[in-house]
Amino acid sequence: MPDRNEGRRGHGWDRAQGRSRGQDRDGRGRGAASIQRNLDFRPCQTVVELVNLASSNLESLSNRAIAAFWSALSRLLHKHGAKDPNLEEKLRCVIGTTCTRMHSFQCRDLAQTSLGIAKTISQVSRGNQQYRAHDPCQ
């Protein structure tokens, strides 16, 4: 069956993308205010590097990049690196941005973000239980 938009370029909905023409992946227009980047978090070796990269580019992160951040965070939690006294504050900023923009995520980004957050919570709570098990005071 032929595509209903066949031969009508520039009109209506782009069925393959699920959005109208002239909009980017986040549903925003193509103006200067909507410039967003997909950062590559793969080179980050520690949680501190990851959080610093995300927090320093927070305003320009795309929804896909936010989802990639949460996936990378859950993979890096077991690596202990340098300490950052501002890590908690920076992470709160990323969490806040994630929560405020989550309503505009596409299905893939929402699923990836949710899974990354769930894995992070699971690993943190499991880590706390391990510490408690070895604590002689309890």
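Residues numbered from 1 in each chain as written. Predicted model: local features only at pLDDT ≥ 70, side-chain atom pairs only at ≥ 80, totals over all residues. Heavy atoms only, no water.

**Some details on the environment of Arg 42**
As for its placement among the helices and strands, Arg 42 is situated in the loop between β2 (19–20) and α1 (47–56). Polar side-chain contacts of Arg 42 include one of 2.8 Å to the side chain of Asp 40. (Helix = DSSP H or I, 4+ residues; strand = E, 2+ residues; numbered from the N terminus. Polar contact = N/O pair within 3.5 Å; in protein donor to acceptor, adjacent residues only side chain to side chain.)

**Quick word on the pattern of salt bridges**
With the rule as written, the count across this model stands at 4 salt bridges. A salt bridge links Glu 88 to Arg 92, with the nearest nitrogen and oxygen atoms 2.7 Å apart. Of the two residues, Glu 88 and Arg 92 are both situated in helix α3 (residues 87–101); the distance of 4 residues between them amounts to about one turn of the helix. For Glu 88, a relative accessible area of 52% translates into the label exposed. Judged by its relative accessible area of 55%, Arg 92 falls in the exposed class. (Salt bridge = Lys/Arg side-chain N within 4 Å of Asp/Glu carboxyl O. Buried < 20%, exposed > 50% of the residue type's maximum accessible area, 1.4 Å probe, protein only.)

**Some words on the environment of Gly 116**
Along the chain, Gly 116 turns up in helix α4 (residues 107–133). On a C-alpha basis, the gap between Gly 116 and Ala 67 in space is 7.6 Å, while along the polypeptide they are 49 residues apart. Apart from residues lying up to four places away in sequence, Gly 116 is in contact with Trp 70, Ser 71 and Ser 74. (Contact = heavy atoms within 4.5 Å.)

**Topic: the packing of aromatic side chains**
For the coordinates displayed, the defined rule picks out 2 aromatic pairs. On the numbers, 5.9 Å between centres and 70° between planes, the contact of Phe 41 with Phe 69 is edge-to-face. Linking Phe 41 in the loop between β2 and α1 with Phe 69 in helix α2 (residues 63–76), this pair joins segments that are 28 residues apart in sequence. We classify Phe 69 as buried; its relative accessible area is 0%. Taking 5.1 Å as the distance between ring centres and 80° as the angle between the ring planes, the aromatic pair formed by Phe 69 and Trp 70 counts as edge-to-face. (Phe/Tyr/Trp six-rings, centres within 6.5 Å; stacked < 30°, edge-to-face > 60°.)

**Focus: the packing of α1 against α3**
Where α1 meets α3, the closest approach of the two axes is 9 Å, and the angle between their N-to-C directions is 50°. Here α1 is positioned oblique relative to α3, judged by the angle of their axes. Crossing of α1 against α3: the hand is left-handed. Residues Val 47, Val 48, Val 51, Asn 52, Ala 54 and Ser 55 of α1 pack against Leu 87, Lys 90, Leu 91 and Val 94 of α3. Residue composition of the contact of α1 with α3, grouped by class: 7 nonpolar, 2 polar and 1 charged. (Axes fitted to C-alpha atoms, helices over the stretch in contact; angles between N-to-C directions. Parallel < 35°, antiparallel > 145°, perpendicular 65-115°, else oblique. Left-handed = near helix turned anticlockwise from the far one by under 90°. Nonpolar A, V, L, I, M, F, W, Y, C, P; charged D, E, K, R; others polar.)

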